Amino acid sequence: MNRFEYCQARLTESESFVAKDRNIKLYDGDEKTNYEDGEIVLTSHRLLWGRTGEIARGGNCLDLKLKYVTSVDEEEASSMLFSRKKRIILRLSELAPDKRPGPMDHSCSTFVKLSGRNGVDPAFVQALHSTLAARIWAVSDNSSQTNQTSDPSAAAGPSTDPGKQRQLRIGIVGIERNLVEKQKQTDANISLAFKDLGKLMGMAKDMVAVTNAVSAKIRERQGEISEDETVRFKSYLLSLGIDDPVTRDGTRSSSEYFIKLSRQLCEMLLDPITEAGGMMSLADVYCRVNRARGLELLSPEDLLEACRLLMGPIKLREFPSGAMVLQLESHDDVLVSERTVQLVEQNVSMSADELARLECISLLLARERLLTAEGFGQLCRDESIEGLRFYPNKFIHC
């Protein structure tokens, strides 16, 4: 703690804000201090610690120059088995002779610790590592020394010019005010973009109406439209993702609507589900179908009702966990489980996210594949604080 100095929460001209965290406690080595539940701000040059609200007002605080920090470590903040709370350890170099007064004149420790109620924010720790690696303060110090050497007036002592004194920034309040202004500008840009999007959707509705009329004309075989023109126009509709989607307005009753919708879903999803390995989660189905339907979007309730009426090569399946998928009638759980077991054996053990990345499937399907293989007795689970992992069941080979 004897490396900390008293200061005011103001940024110099060459200094910039990086990150902030709250409810931080300071340790002098392993010893607790009275500096608890404060805010800590990381800049390009320093760490600032102050009571809640003091830094925002540009008031008094403590600062630790980053040039003192030689390394950053982490330690568990508790001996409890399921605790993930960690403290940050800052290893410090020797005290500089020009250090200003601070909260402690002497200390036997060569490190300090930062601790939060729920640990230190990982984003703050990552920003600290990046800032230490950049060493911006070293560049600023070199520039200052060069300017002092080349400027004869520097030897006359510090400037008392009020204009130069105003070059100091207001502090965190000024930075937060700038962030608010940028947010307002972003909101204005988004509003403008949505106005343009509204115009585009209005034009698109007219286009859909025209294509529906022409599509109806093709079906009724009216007008002077040749066979080649029919095929070509249908290909245009397919390329646009609009192949006369089934709607409530185009049917006489709800039952007819859902029956026709289920048939269209079967035609639309047969190839994608086959390419996906014979199974697709209902969430993926919902996104794919609505993307293909353009502006004629389906509600989740309508999609689920249509999936329940599916007949033929595709069927709706609900797992014991409650997860719903569409799968091919030819889908074989035994064969899929054997493939899953082979992958687990090749990798010694496997979690759901690892299987999802390996097989390019959703996390939900990966988890269900592992649970299905477990249900067949081919895999065993290990559930710990690191998550759920599956291992080959070696008991069946005994």
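Please read all numbers here as calculations on a predicted model, not as lab measurements.

**Examining the overall build of the chain**
Link 1 in the chain: Along its length, the chain carries eleven helices and 15 strands.
Link 2 in the chain: A buried classification covers 36% of the 398 residues belonging to the chain.
Link 3 in the chain: Of all intrachain contacts in the chain linking residues separated by at least 6 positions in sequence, the fraction that spans at least 24 positions is 57%.

**Digging into the sheet that holds strand β10 (residues 279-281)**
Link 1 in the chain: The strand order across the open sheet formed by three strands is β10-β12-β11, and the pairing between neighbours is antiparallel. At either margin of the open sheet sits one strand with a lone partner, and together these are β10 and β11 (314-318). The mean angle between the axes of side-by-side strands here comes to 30°, regardless of whether they run parallel or antiparallel.
Link 2 in the chain: Here β10 runs beside strand β12 (residues 324-328); their pairing, made up of three bridges, is antiparallel. Note that in β12 the partner of S281 across the bridge is V325.
Link 3 in the chain: Lying on the sheet, helix α11 (residues 363-375) is in contact with β10 and β12; it crosses β10 at an angle near 125°.

**Side note on the pattern of salt bridges**
Link 1 in the chain: What the rule picks out here adds up to 21 salt bridges.
Link 2 in the chain: The salt bridge partner of D63 is R100, with a shortest N-O separation of 4.0 Å. Placement of the pair is D63 in strand β6 (residues 60-65) and R100 in the loop between β8 (86-92) and β9 (111-116), with a sequence separation of 37 residues.
Link 3 in the chain: Here R100 falls in the partly exposed class, since its relative accessible area comes to 40%.
Link 4 in the chain: R389 serves as the salt-bridge partner of E354, at 3.1 Å between the closest nitrogen and oxygen. Within this pair, whereas E354 is found in helix α10 (residues 352-359), its partner R389 is found in strand β15 (residues 387-392), the two being separated by 35 residues in sequence.

**Overview of the confidence of the model for the chain**
If pLDDT is low for a region, its predicted coordinates should not be looked at in detail.
Link 1 in the chain: Taken residue by residue, the chain gives an average pLDDT of 77. The fraction at 70 or more is 73%.
Link 2 in the chain: Within the chain, the element-level pLDDT minimum falls on helix α3 (residues 162-165), averaging 43, and the maximum on strand β5 (residues 46-50), averaging 91.

**Looking at the sheet that holds strand β14 (residues 379-384)**
Link 1 in the chain: Read from one edge to the other, the open sheet built from three strands follows the order β13-β15-β14, with strand pairing classed as antiparallel. At either margin of the open sheet sits one strand with a lone partner, and together these are β13 (350-351) and β14.
Link 2 in the chain: Along the sheet face, helix α9 (residues 333-346) touches β13, β14 and β15 and points at about 95° away from the line of β15.
Link 3 in the chain: The strands touched by α11 within the sheet are β13, β14 and β15, with β14 carrying the most contacts at an inclination of about 120°.

**Side note on empty space enclosed by the protein**
Link 1 in the chain: Enumeration according to the criterion identifies one cavity of 30 Å³ or more in this entry.
Link 2 in the chain: For the largest cavity, the calculated volume is near 70 Å³.
Link 3 in the chain: Considering the residues around the largest cavity, the lining is formed by M279, F319, H331, D333, V336, S337, T340, E368, R369 and T372.
Link 4 in the chain: The set of elements that each furnish at least two residues to the lining of the largest cavity consists of α9 and α11.
Link 5 in the chain: Broken down by element, the residue count for the lining of the largest cavity peaks at four residues, all from α9.
Link 6 in the chain: Along the lines of polarity and charge, the residues of the lining of the largest cavity split into three nonpolar, four polar and three charged.

**Here we look at the nonpolar core**
Link 1 in the chain: Grouped together as the largest cluster of nonpolar side chains are 29 residues, with contacts concentrated most on L47, L64, L90 and L114.
Link 2 in the chain: For this core, the leading source of residues is helix α1 (residues 122-134), giving five residues.
Link 3 in the chain: Other than its neighbours up to four places away in sequence, L47 contacts I40, V41, L42, L62, D63, L64, L66, L90 and F124.
Link 4 in the chain: Counting 20 residues, the second-largest nonpolar core is a separate cluster that includes Y257, F258, L265 and L269.

**Describing the packing of helix α7 (residues 282-293) against helix α8 (residues 300-308)**
Link 1 in the chain: Closest axis-to-axis distance for the α7/α8 pair is 11 Å, and the angle between their directions is 110°. The angle between α7 and α8 falls in the class roughly perpendicular. Here α7 and α8 pass one another in a crossing that is right-handed. Counting all contacts with α7, which are made through L282, V285 and Y286, the residues of α8 involved are P300, L303, L304 and C307.
Link 2 in the chain: Its residues assigned to classes, the contact of α7 with α8 comprises seven nonpolar, no polar and no charged.

**Observations concerning the packing of aromatic side chains**
Link 1 in the chain: Inspection of the entire model under this criterion finds two aromatic pairs.
Link 2 in the chain: On the basis of an interplanar angle of 85° and a centroid distance of 5.4 Å, the ring pair of Y35 and W49 is categorised as edge-to-face. Linking Y35 in the loop between β3 (31-32) and β4 (38-43) with W49 in strand β5, this pair joins segments that are 14 residues apart in sequence.
Link 3 in the chain: W49 sits in the buried class, given a relative accessible area of 3%.
Link 4 in the chain: For the ring pair Y257 and F258, a centre distance of 5.1 Å and an interplane angle of 55° mean the geometry is tilted. The exposure classification of Y257 matches that of F258, with both residues buried.
Link 5 in the chain: The ring of Y68 has K67 sitting right over it, with the charged end atom 5.9 Å from the ring centre.
Link 6 in the chain: Here R91 stacks its cationic end above the ring of F111, 5.0 Å away from the centre of that ring.

What counts, and at which threshold
- Residues numbered from 1 in each chain as written.
- Predicted model: local features only at pLDDT ≥ 70, side-chain atom pairs only at ≥ 80, totals over all residues.
- Heavy atoms only, no water.
- Helix = DSSP H or I, 4+ residues; strand = E, 2+ residues; numbered from the N terminus.
- Buried < 20%, exposed > 50% of the residue type's maximum accessible area, 1.4 Å probe, protein only.
- Contact = heavy atoms within 4.5 Å.
- Pairing = 2+ DSSP bridges.
- Axes fitted to C-alpha atoms, helices over the stretch in contact; angles between N-to-C directions.
- Salt bridge = Lys/Arg side-chain N within 4 Å of Asp/Glu carboxyl O.
- pLDDT = per-residue confidence, 0-100.
- 1 Å grid on protein atoms, 1.4 Å probe; cavity = no way out; pocket = protein on both sides within 12 Å on 5 of 7 lines; lining within 4 Å.
- Points joined across faces, edges and corners; volume = space filled by probe spheres on them.
- Nonpolar A, V, L, I, M, F, W, Y, C, P; charged D, E, K, R; others polar.
- Core = buried A, V, L, I, M, F, W, Y, C linked by side-chain atoms within 4.5 Å.
- Parallel < 35°, antiparallel > 145°, perpendicular 65-115°, else oblique.
- Left-handed = near helix turned anticlockwise from the far one by under 90°.
- Phe/Tyr/Trp six-rings, centres within 6.5 Å; stacked < 30°, edge-to-face > 60°.
- Lys NZ or Arg CZ within 6 Å of the ring centre and 35° of its normal.

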